[in-house]
Amino acid sequence: MNILNMKNTIFIALIAILGFACTGEQSKGTDSATTTAATQEGGSAASPMAPAQSGLTAKLTKDYWVYEFYIDPKNKENNRNFRGKWFNLKPDGTFQSGHWEEITGSGSWLLLKGEDNKDLLRLDNVNDTEDAEFIVQMNTDGDQASWVGTATFGHAGVMLKAINLMSQPTKQQFGVQ
């Protein structure tokens, strides 16, 4: 097994362990953003607020964060369907999201501190069905992260590996036809 495969295996195992430990966890973070800044059929997103500058903020606002692996114990079909979903988080607290070459949403995002001082990424999409909150752990290089869903928007138990890319992902890059 080469070193890259070993790193990926360890990273996926870490995601699984973290996910099982956090299943059912409620967010204790506070959200001071006001609702309904951006609206679209099916929902609204909170007014964006520029996040405090930190190492994590700098890493999250760099280029595109793409779901490389996605594990949903409640809906196994999502495991394949959500590969290639991406977020482009902006320093002003807004984001765009999509799947492969398509743009599918936009909204605002916040970094919060949750239980045990864990970093929480809250994504408030104008499409309310895509609102999400994740516990985020970043590798030291800032090019891979594990995101574990919280119960706040019904994603408890969801685990994923996100990778940082310079551009929107394509199916061809990932060998998906």
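Colleague: Looking at this structure, I do not really get the sheet that holds strand β3 (residues 64–71). What am I missing?
Modeller: With antiparallel pairing, the 8 strands of this closed barrel are ordered in space as β3-β4-β5-β6-β7-β8-β9-β10. Averaged over all adjacent pairs, the angle separating strand axes in this sheet is 35 degrees, with direction ignored. Sheet topology note: the strand β5 (residues 94–99)/strand β6 (residues 102–113) ladder contains 6 bridges and is antiparallel. Counterpart to Thr94 in the pairing with β6 is Ser108.

Colleague: When you look at the pattern of salt bridges in this model, what are you seeing that I'm missing?
Modeller: A side chain of one charge can pair with a side chain of the opposite charge when the charged atoms of the two come close. Applying the stated rule across the entire model yields 5 salt bridges. Note that Lys85 is salt-bridged to Glu130, the shortest N-O span being 3.2 Å. Taken together, the residues span a long stretch of sequence, with Lys85 in strand β4 (residues 85–89) and Glu130 in the loop between β7 (119–125) and β8 (132–138) at a distance of 45 residues. Owing to a relative accessible area of 23%, Glu130 belongs among the partly exposed residues under this scheme. A salt bridge links Glu133 to Arg122; its shortest N-O distance comes to 2.6 Å. One end of the pair, Glu133, is in strand β8; the other, Arg122, is in strand β7, and 11 residues separate them in sequence. Classification of Arg122 by relative accessible area gives buried; the value is 12%.

Colleague: Honestly, the pairing of β6 in this entry has me stumped. Any pointers?
Modeller: Working note: regular strand, side chains alternate between the two faces of the sheet. Connecting β5 to the next strand, β6, in antiparallel fashion are 2 residues, including Trp100 with a positive phi near 50 degrees. Relative to β7, β6 runs antiparallel, the two being bridged by 7 bridges. Bridge pairing links Leu112 to Leu120 in β7. Following β6, the chain reverses through 5 residues before pairing antiparallel with β7; Asp116 in that reversal takes a positive phi of roughly 60 degrees.

Colleague: Mind showing me how you'd approach unusual backbone geometry here?
Modeller: Trans peptide bonds make up most of the peptide bonds, and negative phi angles are found at most residues other than glycine. Despite not being glycine, Trp100 has its phi angle at roughly 50 degrees, a positive value. As for its position among the elements, Trp100 is in the loop between β5 and β6. Given a relative accessible area of 6%, Trp100 falls into the buried group.

Colleague: Hey, could you run me through the packing of aromatic side chains in this one?
Modeller: Aromatic ring pairs are defined here through the distance separating the ring centres and the angle between the ring planes. Counted according to the given criterion, the structure contains 9 aromatic pairs. Aromatic pair Tyr67 and Tyr70: ring centres 5.6 Å apart, planes at 20 degrees, arrangement stacked. Both residues of the pair, Tyr67 and Tyr70, belong to the buried class. Their ring planes at 45 degrees and their centres at 6.0 Å tell us that Phe87 and Trp147 sit as a pair that is tilted. In this pair, Phe87 is assigned in strand β4 and Trp147 in strand β9 (residues 144–149), connecting sequence segments 60 residues apart.

Rules behind the numbers
- Residues numbered from 1 in each chain as written.
- Predicted model: local features only at pLDDT ≥ 70, side-chain atom pairs only at ≥ 80, totals over all residues.
- Heavy atoms only, no water.
- Pairing = 2+ DSSP bridges.
- Helix = DSSP H or I, 4+ residues; strand = E, 2+ residues; numbered from the N terminus.
- Axes fitted to C-alpha atoms, helices over the stretch in contact; angles between N-to-C directions.
- Salt bridge = Lys/Arg side-chain N within 4 Å of Asp/Glu carboxyl O.
- Buried < 20%, exposed > 50% of the residue type's maximum accessible area, 1.4 Å probe, protein only.
- Phe/Tyr/Trp six-rings, centres within 6.5 Å; stacked < 30°, edge-to-face > 60°.

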